[in-house]
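So the chains spell out like this:
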Amino acid sequence: MVTAALLVVVTGCAGSAAESAAPVVTGPAPSSSAQVRLSGSAPASTPTGLPGAPLVATSGTPGDSAAGTTAPASIAPVEGGTPECPGVQCLSIVMTGDVLLHPPLVEQARADSPGGKGMDFAPILAAQAPYVQRADLGICHLETPLAPAVGPFSGYPEFSVPPQVLSALVATGYDACSTASNHTLDEGTDGLTRTLDDLDTAGLAHDGSYRTVRDASTPTILTTPHGRVGFISVTYGFNGGPPDQPWQVNVLNTDAILAQARAARVAGADLVIVAIHAGTEYETEPNQDQQNAAATLLASPDVDLVYGHHAHVVQPLRKINGKWVVYGLGNNIAAQQTPVEGTHRGLLVKVTFSLQAAGGWTTSDIGWVPSLQEAGPPHRWCPLTTGNTCASPDADAAALAATTEAVNLYGADTDGAHPLGQP
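Here's a quick rundown of the structure. (Residues numbered from 1 in each chain as written. Predicted model: local features only at pLDDT ≥ 70, side-chain atom pairs only at ≥ 80, totals over all residues. Heavy atoms only, no water.)

## With respect to unusual backbone geometry
Residue Tyr156 is joined to Pro157 through a cis peptide bond whose omega torsion reads 10°. Within the secondary structure, Pro157 sits in the loop between strand S7 (137-142) and helix H4 (165-172). Across the junction of Pro377 and Pro378, the peptide omega takes the value -5°, indicating a cis bond. Not every positive phi belongs to a glycine, and His310 is a case in point at roughly 125°. In this structure His310 comes out as buried when scored by relative accessible area, which is 3%. The backbone phi angle of His312 is positive, close to 70°, even though this residue is not glycine. (Helix = DSSP H or I, 4+ residues; strand = E, 2+ residues; numbered from the N terminus. Buried < 20%, exposed > 50% of the residue type's maximum accessible area, 1.4 Å probe, protein only.)

In structure tokens:
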């Protein structure tokens, strides 16, 4: 679960994993016109302080506050030493791939709306909720800019999609979305700003794109009852040329990412995770840029996890320096008109970090849920490891086999990565 101020990383809105208390997000302050919604609560007031000023509400000291809430006086260790949590306390994060709203998904949302009025994206995502809501943090990837509520809407090649998807993401349990992608600037600075305003209003934290240079230089820290997470979202580039200002969207530069990770640590993050929007579309194997970036980042003590999206197909998991990279999560929800079958498959990955009694965090578990979304209506995200039928027994078996092969291409199974069944 999370509460939101601005920026990135989290999962678990009302009813999510750390059910006793919602995390607190710190980062750049939202625009004055947007309110910050706390997970599972009524809208809260905008955070106080100078917009974009560095926030230290994640320190856990009494009276610290962010997003209109009071941070926990301390992060008390929970009973550990169990198979579920081998450390003194554990923190779980769920991640999914591209939320890519092609026109068929917009039409599905219209069909799912009561009386055919409005748009309801929640049924498309509904099967994810048990996984997302049981994690401490949950992160989606909003690949495209949001349009005004009444449109006009557009799909590929320059996306402008319904903001109504945000309420469905919140209902599913997501707390934050990464926003750096090759489509971030499809609607220019106006679309970038509108998207961030809408995310703030919905109560979803975000990282990757920014309104001001101060926002861009402020680390995102999310405090949960079990630890503090910093989040960094970057992209390989843009379809329509560079941003109006170089700080508007994070790009894939490992030196810059490592500096941001260090800043997040200084600001109080226990863990730092990096979302990279990169790769060669429709290729299962990560390209050299992806592999080099993962190796460089995971060699740093300041980075605990690297994961990615953009290829629109599932890419491997790999353990490097005792930490994990998920090269590509595939599509979360999409309706690409391509003969590449892999675009209908995706991954939901849950990573559990454990705090050791002697101090220091380690990755204690990594599990993955393969999904299948049929090409035609009704469009639904469907897990392949729960015993239900997504498309047909034969199609499901083929999709599961292909996804398993991709995930384990570099030996992830021998290093402990495993499929998840019922949440």
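## Notes on the nonpolar core
In this structure, Phe121, Leu166 and Leu169 are the most contacted members of the largest nonpolar core, which totals 42 residues. Broken down by secondary-structure element, the contributors of at least two residues to this core are strand S6 (89-99), helix H1 (103-112), helix H2 (122-125), helix H3 (129-133), S7, H4 and helix H5 (188-202). Sort the elements by how many residues they give to this core and H4 lands first, with five residues. Look past the residues within four positions of Phe121 in its chain and what remains in contact with it is Leu101, Leu105, Val106, Ala109, Pro162, Gln164, Val165 and Ala168. Leu222, Leu329, Leu347 and Phe353 belong to the second-largest nonpolar core, a separate cluster that totals 30 residues. (Core = buried A, V, L, I, M, F, W, Y, C linked by side-chain atoms within 4.5 Å. Contact = heavy atoms within 4.5 Å.)

## Brief notes about the packing of helix H7 (residues 254-266) against helix H8 (residues 288-298)
Helix-helix packing is described using two parameters, namely the angle between the two axes and the distance between the axes. Close contact between H7 and H8 brings their axes to 10 Å; oriented N to C, the two are set at 35°. Crossing geometry of H7 relative to H8 is assigned as right-handed. Where H7 abuts H8, its residues Thr254, Ile257 and Leu258 lie against Ala293, Thr296 and Leu297. Counted by class, the contact of H7 with H8 contains four nonpolar, two polar and no charged residues. (Axes fitted to C-alpha atoms, helices over the stretch in contact; angles between N-to-C directions. Left-handed = near helix turned anticlockwise from the far one by under 90°. Nonpolar A, V, L, I, M, F, W, Y, C, P; charged D, E, K, R; others polar.)

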